Amino acid sequence: MRVQRPFYPEGPDVGHVAILHPPGGVVGGDELRVDARIETGAHALLTTPAAGKFYRSAGPLAGQTQQLTVAAGSALEWLPQENIMYSGARVHTLTRVELQGDARFLGWEILCLGRPAAGETFAIGECRQTLELWRDGEPLYLEQASYAGDDPALKAAWGLQGQPVIATLLCTPTIPGLTDAIRAGWEPLTIPAPTGELTAVTQLDGLLIGRYLGPSTSRARRFFTLAWGLLRPLLFNRPLC
């Protein structure tokens, strides 16, 4: 894991950092860990230069742990590209965001099971995904998902409905009226919508949540980028960059 260099396209107040994994993919037995700490008064935008790829395993588990700590008076934008789970991958991932005081956060995670463009489904393997958002030791959002290659939930109407891409966007604090604005902005882009695509955005307990289920990581990113474009100027007092 590397940071080649930070960039400052908005001036010295906001650092843009791309987290690079030079091997380009994760195999069984690999363990990746990112520990990012945003100090008081700082503002960072963290991303990745390419999708994460988790390859078929001969048996051992691969792990990815991301601990993001945001101090009071600071801000974090967590905007990684998607994680792609090849058929046969065995992976446990954890992203835990710890906010302190009035820290601000906007971030997303996008998961693709299999490789739809290559016609590959997640026929075998195991993927466990945990996403947590905390403020001062109190949980704001806890999500735990477990997908197996032979799990009926992958195709069931009450599950993933045969869709390979699952994604979540989180933003706190909330901004009144933005859920309606995001819905209105996305509606023209759903004509025509891919078959089975579902999107949602809601607010609860000081948290805005966006969700995507569908066939396309690019569509998920487009939905979340639209939301980010509306949220960023109001949450961080920053134009799009």
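The residue numbering used here restarts from 1 in each chain and proceeds along that chain's sequence as written. This being a predicted model, a pLDDT of at least 70 is required before a residue's local features are given, and a value of 80 or more before pairs of side-chain atoms are given or counted; all residues contribute to the totals for chains, interfaces and linings. In computing side-chain properties, one takes all heavy atoms of the structure into account and sets aside hydrogens as well as water.

Trainee: Kindly report on the pairing of strand β15 (residues 207-214), identifying the contributing residues and their values.
Mentor: Across the eight residues that make up β15, a large majority, seven, are buried. Note: strand β13 (residues 165-172) against β15, seven bridges, orientation antiparallel. What sits directly across from Leu-169, in β15, is Gly-210. Relative to β15, strand β14 (residues 198-204) runs antiparallel, the two being bridged by seven bridges. Pairing of Ala-200 across the sheet is with Arg-211, part of β15. Any two strands with at least two DSSP bridges between them are considered paired. Strands here mean DSSP runs of E at least two residues long; helices mean DSSP runs of H or I at least four residues long; both are numbered from the N terminus. Linking two consecutive strands that pair antiparallel, namely β14 and β15, is a turn of two residues; a positive phi of about 50° is found at Asp-205 within it. Burial classes: relative accessible area under 20% of the type maximum marks a residue as buried, over 50% as exposed, and values in between as partly exposed (1.4 Å probe, protein chains only).

Trainee: Now, about the sheet that holds strand β6 (residues 62-70): what can you tell me, with residues and values included?
Mentor: Ordered by their spatial adjacency, five strands build an open sheet running β3-β6-β9-β11-β12, and the pairing between neighbours is mixed. Unpaired on one side and paired on the other, β3 (31-38) and β12 (138-148) mark the two borders of the sheet. Adjacent strand axes in the sheet meet at a mean angle of 5°, parallel and antiparallel pairs treated alike. With eight bridges connecting them, β3 and β6 associate as parallel partners. Across the sheet, Val-34 pairs through a bridge with Gln-66, a residue of β6. Comment: axis = line fitted to C-alpha atoms, over the contacting stretch for helices; angle = value between 0 and 180 degrees taken between N-to-C directions.

Trainee: Break down the pattern of salt bridges for me, with residues and values.
Mentor: Side chains bearing opposite charge may pair, as long as their charged atoms lie close to each other. What counts as a salt bridge is simple: a side-chain nitrogen of Lys or Arg found within 4 Å of a carboxyl oxygen of Asp or Glu. Taken as a whole and assessed by the stated rule, the structure comprises 13 salt bridges. Here Arg-115 makes a salt bridge to Glu-120, at a shortest N to O gap of 2.9 Å. Arg-115 gets classed as partly exposed once you look at its relative accessible area, which sits at 30%. Residue Arg-211 pairs with Glu-143 through a salt bridge whose shortest N-O separation is 3.0 Å. Of this pair, Arg-211 sits in strand β15 while Glu-143 sits in strand β12, placing them 68 residues apart in sequence. Take Glu-143: its relative accessible area is 12%, and that puts it in the buried class. Put simply, Glu-10, Asp-13, Glu-77, Arg-232 and Arg-238 are held in one network by salt bridges that share partners.

Trainee: Go over the side chain of Gln-67, please, and point to the residues and values.
Mentor: By the element assignment, Gln-67 lies in strand β6. Here Gln-67 falls in the buried class, since its relative accessible area comes to 17%. Non-local contacts of Gln-67, meaning those with residues more than four positions away in its chain, are made with Arg-33, Val-34, Asp-35, Ala-36, Arg-96 and Glu-98. Residue contacts are counted whenever heavy atoms from the two residues lie within 4.5 Å of one another.

Trainee: Talk me through the environment of Ala-220; I want residue IDs and the actual numbers.
Mentor: Note that Ala-220 resides in helix α2 (residues 217-236). Between the C-alpha atom of Ala-220 and that of Val-201, which follows or precedes it by 19 residues, the distance is 13 Å.

Trainee: Tell me what's going on with the packing of aromatic side chains, and back it up with residues and numbers.
Mentor: The criterion for an aromatic pair is that two Phe, Tyr or Trp rings (for Trp, the six-membered ring) have centres within 6.5 Å, with stacked assigned to planes under 30 degrees apart, edge-to-face to planes over 60 apart and tilted to the rest. Throughout the structure, instances matching the rule amount to four aromatic pairs. Here Phe-223 and Phe-224 contribute two aromatic rings whose centre-to-centre distance is 5.7 Å and whose plane-to-plane angle is 40°, an arrangement assigned as tilted. Across the pair, Phe-224 and Phe-223 agree in class, each one buried. The structure contains a cluster of three or more aromatic residues connected by ring pairs, namely Trp-108, Trp-186, Phe-223 and Phe-224.

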